[in-house]
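What the coordinates show
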Amino acid sequence: MYHIGILQLTQNLDDAVRGFETGLADLGLEAEFHYLNADGALDDLPLLAAELAERRVDIIFACSTPAAQAAVKLEGNIPVVFTPVFDPVGAGLTASLDKPGSKATGVAGMVPAAAKVAFIQELLPNAKTIGILYHLGDSNALLEVNYFKQAAGAKFTLVELPVAKPDDLSTLPDKLPPNLDALFLPIGRVIEENFASVAYYAESANLPIIASHAPNVPSGALGALVANHYDLGYACAAKAAQILAGEAPGTIPVGVVDHPEIQLNAFVAANLGLELPPALLAKTKEVFE
């Protein structure tokens, strides 16, 4: 029986853990899991990773970029399998996606920006001007903003709406230009944790929100194109199995999101006076009422 360490930043990643466990079981691998969750406390992650090392686990399954970084920084050679890390190379986890070259591999969680642009065009075919609301201190948000600008710059007029701290969101009504057709939220913890305020101000401005964080859709966003965390975890199990069979993690390519899911909120659409395109509804994973 293998001993698998599970290092989570928050419970929002429970689906990834469930997918990972199911994947290992489907591969016939018996494991005892050692769960440690930082409950959002970033500073606790190095200590939790060290505790897993003391338990002599065979692999650490790390959920989130900070958790993966804490696990990789451990002394020794405990392999790390990560998800849904947005930018494994930029985060210093791997040398490249094809050839990680380190003691870590996994499945990246970023949905390609071109796919998000196509999703917005299909959901809001008359949209011309898109606001991008993001936190300046979030490297994942900055990365997604960069990719989104490259993919959407020729298709939309983009208006950047950066905030330096959560309190800045209280001034959002003054920052929203009157000609916006939608508000796009890149991935990012500060905006996600303060989504209720964003949704309130957007509703006041009759502005649809396109989110990158799935839980924002039932909470008031019009829609999202997101990675399925369960599927990411399940795919990570296959990589863990390769490592347990003797392959070096540095030789196992990092996976990417192959089939992002559409989530829509019909209640928000009705409030905004929008009709959800039937063709989009037909391929939507979940519609919230």
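Refer to the structure printed above.
Residues numbered from 1 in each chain as written. Predicted model: local features only at pLDDT ≥ 70, side-chain atom pairs only at ≥ 80, totals over all residues. Heavy atoms only, no water.

Attention now moves to the overall build of the chain. Broken down by element type, the chain carries 11 helices and 12 strands. Relative to the 2.2 N^0.38 estimate, which gives 19 Å for 289 residues, the radius of gyration of the chain is 20 Å and therefore close to what a compact globule would have. Taken over the C-alpha atoms alone, the chain extends approximately 60 × 40 × 30 Å along its principal axes. Here the chain, with 289 residues, has 52% of them falling under the buried criterion. Counting contacts in the chain only where the partners sit at least 6 residues apart, residues at least 24 apart contribute 70% of the total. Accessible area of the chain: about 13,000 Å², with a carbon and sulfur share of 51%. Within the chain, one finds 16 positive and 33 negative side-chain charges whose respective centroids are separated by 6 Å. (Helix = DSSP H or I, 4+ residues; strand = E, 2+ residues; numbered from the N terminus. Rg over C-alpha atoms; globule rule 2.2 N^0.38 Å. Buried < 20%, exposed > 50% of the residue type's maximum accessible area, 1.4 Å probe, protein only. Contact = heavy atoms within 4.5 Å. Areas by Shrake-Rupley, 256 points an atom, 1.4 Å probe, with all protein chains shown as cover. Lys, Arg positive; Asp, Glu negative; His and termini not counted. Charge placed at Lys NZ, Arg CZ, Asp CG, Glu CD.)

Glancing now at the nonpolar core. In this structure, F20, F61, F119, I120 and L123 are the most contacted members of the largest nonpolar core, which totals 51 residues. By residue number, the principal contributor to this core is helix α9 (residues 229–244), which donates six residues. Counting residues in each nonpolar core, the second largest holds 26 residues, with V57, I60, V85 and A104 among its members. (Core = buried A, V, L, I, M, F, W, Y, C linked by side-chain atoms within 4.5 Å.)

This brings us to unusual backbone geometry. A negative phi holds for most residues other than glycine; trans holds for most peptide bonds. With omega at -10°, the peptide bond leading from T83 into P84 counts as cis. With respect to the helices and strands, the residue P84 is situated in the loop between β4 (80–83) and β5 (104–106). Not every positive phi belongs to a glycine, and D39 is a case in point at roughly 50°. Its place among the elements puts D39 in the loop between β2 (31–37) and α2 (45–54). Relative accessible area serves as the criterion here: at 58%, D39 is assigned to the exposed category. One non-glycine residue, R56, adopts positive backbone phi at about 55°. Considering the arrangement of structural elements, one finds R56 in the loop between α2 and β3 (59–63). By relative accessible area, which is 71% here, R56 ends up exposed.

Before going further, it helps to examine the sheet that holds β3. With respect to topology, five strands assemble into an open sheet ordered β2-β1-β3-β4-β5, the strand pairing being parallel. On the outer flanks of this sheet lie β2 and β5, each paired with one strand and no other. Pairs of neighbouring strands in the sheet enclose a mean axial angle of 25°, with direction left out of account. Relative to β3, helix α3 (residues 65–72) is tilted by about 150°, and along the sheet it contacts β1 (2–8), β3, β4 and β5. Of the strands in this sheet, β1, β3, β4 and β5 are in contact with α9, which crosses β4 at around 165°. (Pairing = 2+ DSSP bridges. Axes fitted to C-alpha atoms, helices over the stretch in contact; angles between N-to-C directions.)

Right, let's get into the pairing of strand β11 (residues 261–265). Side-chain direction in a regular strand flips from residue to residue, so the side chains alternate between the two faces of the sheet. Of all the five residues making up β11, five are buried; the element is thus mostly covered by neighbouring parts of the structure. Neither face of β11 is left uncovered, since the one carrying E261, Q263 and N265 and the one carrying I262 and L264 both have all their residues buried. As defined by bridge partners, strand β10 (residues 223–226) adjoins β11 across four bridges and the pair is classed as antiparallel. Pairing of A224 across the sheet is with Q263, part of β11. In terms of strand pairing, β11 meets strand β12 (residues 286–288) through three bridges, oriented parallel.

Here we take up the packing of aromatic side chains. Scanning all chains against the criterion turns up five aromatic pairs. With 4.0 Å between their ring centres and 5° between their planes, F20 and F61 make a pair best called stacked. With F20 in helix α1 (residues 14–26) and F61 in strand β3, the pair connects residues that are 41 residues apart, well separated along the chain. Of the two residues examined, F20 and F61, each falls in the buried class. When the ring of F148 is compared with that of F184, the centres are 4.1 Å apart and the planes differ by 15°; the resulting orientation is stacked. Of the two residues, F148 sits in helix α5 (residues 139–152) while F184 sits in strand β8 (residues 182–184), which places them 36 residues apart along the sequence. In this pair, the class of F148 matches that of F184, namely buried. (Phe/Tyr/Trp six-rings, centres within 6.5 Å; stacked < 30°, edge-to-face > 60°.)

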